[in-house]
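Letter by letter, the chains look like this.
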Amino acid sequence: MAWDSRNETIHSMTRRTAMLLPALALGSHALAQGTGPSDKPQRGGTLSYAVTAEPPTYDLHQTATFAVMHRLSPHYSTLLAYEPGKYPNIIGDLAQSWTISPDLLTYTFKLHPNIKFHDGTALTAEDVRVSYERLRNPPKGVSSFRQPSFTQIKSIETPDALTIVFKMVKVDASIMDTFASPWNSIFSAEKLKADPSYPVKTVMGSGPFKFVEHVAGSHWVGERFNDYFKAGKPYLDGFRAITMTPSAMVNAMAGKQIMAEFRGFTPNERDRIVKALGPDAQTHESPWMLHMLMNFNCEKKPFDDPRVRRAISLALDRWGGSANLSKVSQLGAVGGLVRPGSKWAATEAEMVQWPGYGRDMAANRAEAKRLLKEAGYENLSFTLINRNQQPYITTGVFIIDQLRQIGVKVEDKQVEIAAWYSAQTSGNFEALLDSFTQFSDDPTNVLVKYISTDRAPDVAIQRAIDRELDSLFDRQAEMVDPAERKKLVRQFENRLLDQAYAIPILWWQRIVVMESRVQGWTMSPTHMIYQDLADIWLK
Amino acid sequence: MAMLNRVLKNVVLFCRLQPLGALGLLIILVMATCAVFAEQVTFYNPEAVDFGAMLSGPSADHPFGTDSFGRDIFTRIVYGARTALTIGFLSSMIGCHIGAAIGIASAFHGGWIDLLLQRFIDIILSFPIVVLALVVVAVMGKTLVLGIDLNLVFAIAIPIIPRSCRVIRAATLSIRTQPYVDAARAGGYSTVYILLRYIAPNVIAPFLVLLTAYIAQAILLEASLSFLGLGVSEPKPAWGLMLAGDSANFYNEAPWMILFPGLAISLSVFAFNLFGDSLRDWLDPKYRN
Amino acid sequence: MIRYALNRIALMIPTLLGIALITFVMIRIVPGDVVELKMRSDGGRVTQQQINDERTRLGLDKPLPEQFYLWMKGLVTFDFGHSMWTGRPVAQEIGGRIGLSIQVAIMAALVAVLIAVPLGTIAALFRDTPIDYLIRIITIAGLAVPSFWLGMIIILVLLTFFKWSPPVIYVSILEDPVKNLSQLIWPSLAVGYRYAAVVARMIRSSIIEVMQEDYIRTARAKGVGEFMVVFKHAMRNALLPAITIIGLEFAFLIGGLVVTEQVFNLNGIGRLFVDAVIRNDFILIQTIVFLLAIIFVSVNLIVDLIYGFLDPRTRM
């Protein structure tokens, strides 16, 4: 491959430059990778990695798919960012420093001086302001995908070219995550004025890499932006994102045709690559900020009866499923409503108290059968609306088999995404398999999926009203003390799992495999962050 | 009794003259028997997950091994035969019958109706089979009746219609122009009478050949669609589906996952083709001597 | 001859129009469209208003006859519209991929003809002998083995016995012929086997038929050697129907690639089509289906013209 020969020469030529880098930033990345601090980043080389899907747009504001993030992130900057190697710590990206007023209602950011866009123009506070205005109040023809996360912003002001001030309507505990969100990229104000949709088809940002070309269905190429505002970065000469199917990805990794894939592999895909690459492979694992859940339609028979819902939850052998499905699919840990492994998560001792989380499956199944009998649904059969892709299909196979064991018959109806959404909005379903993802662990972000439907009709689709649950949700959202907040989160989970309007099944496991020479990349519970490739270098 | 004797004699004669066809017929019969008595010839539930037996190789317990859910592959292949034969037979029946009806009507009527219908058939014929079925399946979604996806059956039947129509039209045309048919018409016999008395016996042979040939095509098409994720869906056992998605990821650990379902598809299509081929030779007077 | 050709070409127009209309109507029955998939996949949350706006932007809210008219108008001016998923021109989407599919199709056709002609001829000459039976079994098996499964088996064999898997990243044949061929020869074999089987069967039966014709008997009676009978007289006439089948199957080959391309991760027209179907990308689906139909009709036309050229009787 082309990069092989090029790597040799550039790498020796630029070693001196690499030594000039600030030692602090260097050490933390190297440590995070588990390599010795003596491993200094080397400049040069082209990173090749796979992305399974084609990007539907180039505009990060108007999409939610990783297919866009994994190609566009290297081309753009954000106001803040998650600190490499120290997730979920937040540091500045374009912002050099910032102050927050004690009442949490004013956020003032100072930008780095000398930030340049790829076309050579300067990036100023005005570009940030216009980009955020586009996000919270999109012009006609633009749809901002995460518009609700900006509702608490009252005004955005730019007292001078390097200062930007956000004034809030109300305290928003998640606002720092919004500023650090990889989706909230900064576009050129001047270009947006000429065409508010320019980012849809043109790539022009201030990120570490300049756009070179995109050949549909084949590849996407970026090259180093020499005027990138962070001194010495990026290390790579460029990157090449190659489009391929998951099974081809595994063969390509095993054959060293690509160096990495950043979304995630299944365990056996991981094993195949590791077997082929031997010591040349490195793997990273973490519970994913993503879980499967089953929504019941609580307005309709038979699931208007909490006993029936609880019986279904009781019949699922989550521990067995986790131990075994994790060998063949992306499904992983058992967890409640917040990500297992996060600071909000319940301990195992707390979990086994919940219905359906107890370790004694015989007892669980007996109780489930008793509940069904009591409710008058001994020969229950229902249709589960499911999506026609993995790991939904695997989860469906698992659920059907589990429920068969308590005599419940399930028809697994796998549909296209449009039909799946229309079932949600019309309420034309009995039970619906779903997944939920956020890019931060903040409980407000996550629990919203389970509150009363009238409070969050777009997300909470189980069609139940439970004011007790809502009040717990509101109380935790305002609670500043983390320990107290955690207690409220537990109470919320207890109440929800007891009523079982919607039940978590299993969390996903993120498994990333790459060649060992890829250095400086950070693993995190979401595949949407740490993808600007500025810190990556090749050994 | 005499009737039975005649049938038996014919069967024996067919087997003697067309040994390959007889082999095909035998395979079909074995498969059909397995499909009907699936519960009796297997020891597992085709949808039962067994975590203890995930990805285990062929053994006495699991002659064809198990898949990534620990489901018995032999069992799933036997039940898969039920899926394949049902969908194959139904699609071919529907497609060939509709096609034959249009073909006979078109040939018998002649004139502008014939011209118009044939143009239309031309158009449908210019869509590649898989492409047409794919679009139809995507358009219609799923309608399950007794566990069979009727829309899938229909999607597979549609590309068969114009092909069956062509053949039957040609066969009808060759009879229609015979002097004795003209005589019957002149004699005032009704269309229905002529159809039943003269046309039907003469198109029955090509029709039977078509029917067998298209069962093979339909099985292949169902497997292709299921492989693409647009046909039968999990956890129902279907051969194409067993090859889809995950199974390609187990090339190393569990090659039996892709070996046996593919063999099942090939063997069944092979059998129908073999039988259909011999049936044609046997029924075709030109080859009979 | 020229009049015959022009006549045939003129006849194509209503056929193509019919194809366009059927394709268009068929796709538009789909419930839901590309917009929802585009905006809601991977956890995106959007309002109905946003969905409606995007529909308006893509022109999906226009009445169907108007949408059809716009498509037809575009076709005439070679403007095929833009993919609803990626927003790029359809011509660009297809143009970047069709080369690969055509290369595989041509290679498969070559493989097929090289195998089929000798196989079919031998089977015909040794009719009803064990050799014929063996060839018949091989060819019938060719029709039975799904090409996607054959592809999987090829990969399995390469992986198990040679510890090697074909490259998955496409390079053009002009850039690196070795790498290109080491990637594309396998799908060509997988698809070509079926193709070879069809052609071989055709050749067998037409040779058998030709051998019973009077002029063959005459030639034999005149004492022409059996070798010359077969190769000079019989073959020439027997190849005529084979040309038809080679033409017909070639167009179907591209359709059959739809499935096999998935197995080999080929970024061809088939993969593009399956993706378009899954995403309800109407504009892309209708253009690809139409394109395949045009290929089919054109190949048929060429076959007819060749036929007409070789056999003047058909021009009537």
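Further up the page is the structure itself.
All figures in this text were calculated on a predicted structure; none of them were measured in a lab. (Residues numbered from 1 in each chain as written. Chains lettered and ligands numbered in written order. Predicted model: local features only at pLDDT ≥ 70, side-chain atom pairs only at ≥ 80, totals over all residues. Heavy atoms only, no water.)

S.K.: Looking at this structure, how should I read the overall build of chain C?
M.R.: Across its full length, chain C holds 12 helices and zero strands. Traced from its N-terminal end to its C-terminal end, chain C shows the element sequence α-α-α-α-α-α-α-α-α-α-α-α. Within chain C, buried positions represent 55% of all 316 residues. A separation of at least 24 residues holds for 72% of the contacts in chain C among residues at least 6 apart in sequence. Of the roughly 14,200 Å² that chain C leaves accessible, carbon and sulfur atoms contribute 70%. (Helix = DSSP H or I, 4+ residues; strand = E, 2+ residues; numbered from the N terminus. Buried < 20%, exposed > 50% of the residue type's maximum accessible area, 1.4 Å probe, protein only. Contact = heavy atoms within 4.5 Å. Areas by Shrake-Rupley, 256 points an atom, 1.4 Å probe, with all protein chains shown as cover.)

S.K.: Looking at this model, I keep getting lost on the overall build of chain A. Mind explaining?
M.R.: A count of helical and extended segments in chain A gives 19 helices and 18 strands. For 539 residues, the compact-globule formula gives about 24 Å, and the C-alpha radius of gyration of chain A, at 24 Å, lands near that figure. Here the C-alpha coordinates of chain A stretch approximately 75 × 55 × 40 Å along the principal axes. In chain A, the share of contacts with a sequence separation of at least 24, taken over all contacts with a separation of at least 6, comes to 69%. As displayed, chain A offers around 19,500 Å² of accessible surface, 52% of which is attributable to carbon and sulfur atoms. (Rg over C-alpha atoms; globule rule 2.2 N^0.38 Å.)

S.K.: Any chance you could explain unusual backbone geometry here in plain terms?
M.R.: The phi angle of most residues is negative, glycine excepted, and most peptide bonds adopt the trans form. In this structure, Pro88 of chain A follows Tyr87 of chain A across a cis peptide bond, with omega equal to 0°. Along the chain, the position of Pro88 of chain A falls in the loop between strand 2 (80-82) and strand 3 (90-92). In this model, Lys233 of chain A is joined to Pro234 of chain A through a cis peptide bond whose omega is -5°. Note that Pro234 of chain A resides in the loop between strand 9 (219-224) and strand 10 (238-243). Of note, the phi angle at Leu104 of chain A is positive, near 60°, even though the residue is not glycine. Tracing the backbone shows Leu104 of chain A in the loop between strand 4 (95-100) and strand 5 (106-111). Phi at Leu55 of chain B is positive, roughly 55°, even though this residue is not glycine. Structurally, Leu55 of chain B is set in the loop between helix 3 (38-41) and helix 4 (73-109).

S.K.: Help me out: how do you make sense of the interface of chain C and chain B in this one?
M.R.: By a widely used convention, the size of an interface equals the accessible area lost when the partners come together. Tallying the contact residues gives 47 residues for chain C and 48 residues for chain B. When chain C packs against chain B, the two sides together hide about 4,000 Å² of surface, and 77% of this comes from carbon and sulfur. At the junction of chain C and chain B, the tally comes to two salt bridges. Here Arg136 of chain C and Asp277 of chain B are joined by a salt bridge, their closest N and O atoms 3.8 Å apart. Between chain C and chain B we count two residue pairs in polar contact (both at pLDDT 80 or more) in total. For the side of chain C that touches chain B, the element with the most residues is helix 1 (residues 2-28) of chain C, which contributes eight residues. For the side of chain C that touches chain B, a count of residues per class yields 37 nonpolar, five polar and five charged. (Buried area = accessible area lost by both parts, 1.4 Å probe. Salt bridge = Lys/Arg side-chain N within 4 Å of Asp/Glu carboxyl O. Polar contact = N/O pair within 3.5 Å; in protein donor to acceptor, adjacent residues only side chain to side chain. Nonpolar A, V, L, I, M, F, W, Y, C, P; charged D, E, K, R; others polar.)

S.K.: Is there a simple way to think about the sheet that holds strand 4 of chain A in this case?
M.R.: Consider a sheet: its strands pair through backbone hydrogen bonds, and that pairing is either parallel or antiparallel. All names here are of chain A. Spatially, 4-5-7-6 is the arrangement adopted by the four strands of the open sheet, whose pairing is antiparallel. The open sheet has two edge strands, strand 4 and strand 6 (153-160), and neither has a second partner. For this sheet, the mean inter-axis angle between neighbouring strands, taken without regard to orientation, is 20°. Judged from the five bridges that link them, strand 6 and strand 7 (residues 163-168) form a sheet pairing that is antiparallel. When the sheet's bridge partners are listed, Ser155 is paired in strand 7 with Lys167. Against the sheet, helix 5 (residues 125-136) makes contact with strand 5, strand 6 and strand 7, and its axis sits at roughly 165° relative to strand 6, the strand it touches most. (Pairing = 2+ DSSP bridges. Axes fitted to C-alpha atoms, helices over the stretch in contact; angles between N-to-C directions.)

S.K.: Could you clarify how one ought to interpret the packing of aromatic side chains in this entry?
M.R.: The relation between two aromatic rings is expressed through the spacing of the ring centres and the mutual angle of the planes. All names here are of chain A. One pass over the structure, following the stated rule, counts 34 aromatic pairs over all chains. Judged by centre distance (4.9 Å) and plane angle (80°), the ring pair of Tyr58 and Trp220 falls under edge-to-face. You can see Tyr58 sitting in the loop between strand 1 (46-51) and helix 4 (66-72) and its partner Trp220 sitting in strand 9, a full 162 residues away along the chain. Assessed through its relative accessible area of 9%, Tyr58 is described here as buried. What makes Trp220 buried here is its relative accessible area of 0%. Here Phe109 and Phe166 contribute two aromatic rings whose centre-to-centre distance is 5.8 Å and whose plane-to-plane angle is 85°, an arrangement assigned as edge-to-face. (Phe/Tyr/Trp six-rings, centres within 6.5 Å; stacked < 30°, edge-to-face > 60°.)

S.K.: Would you mind showing me how to read the environment of Leu60 of chain C here?
M.R.: Mapped onto the fold, Leu60 of chain C is located in the loop between helix 3 (48-58) and helix 4 (64-76). On the basis of relative accessibility, which here comes to 15%, the residue Leu60 of chain C falls in the buried class.

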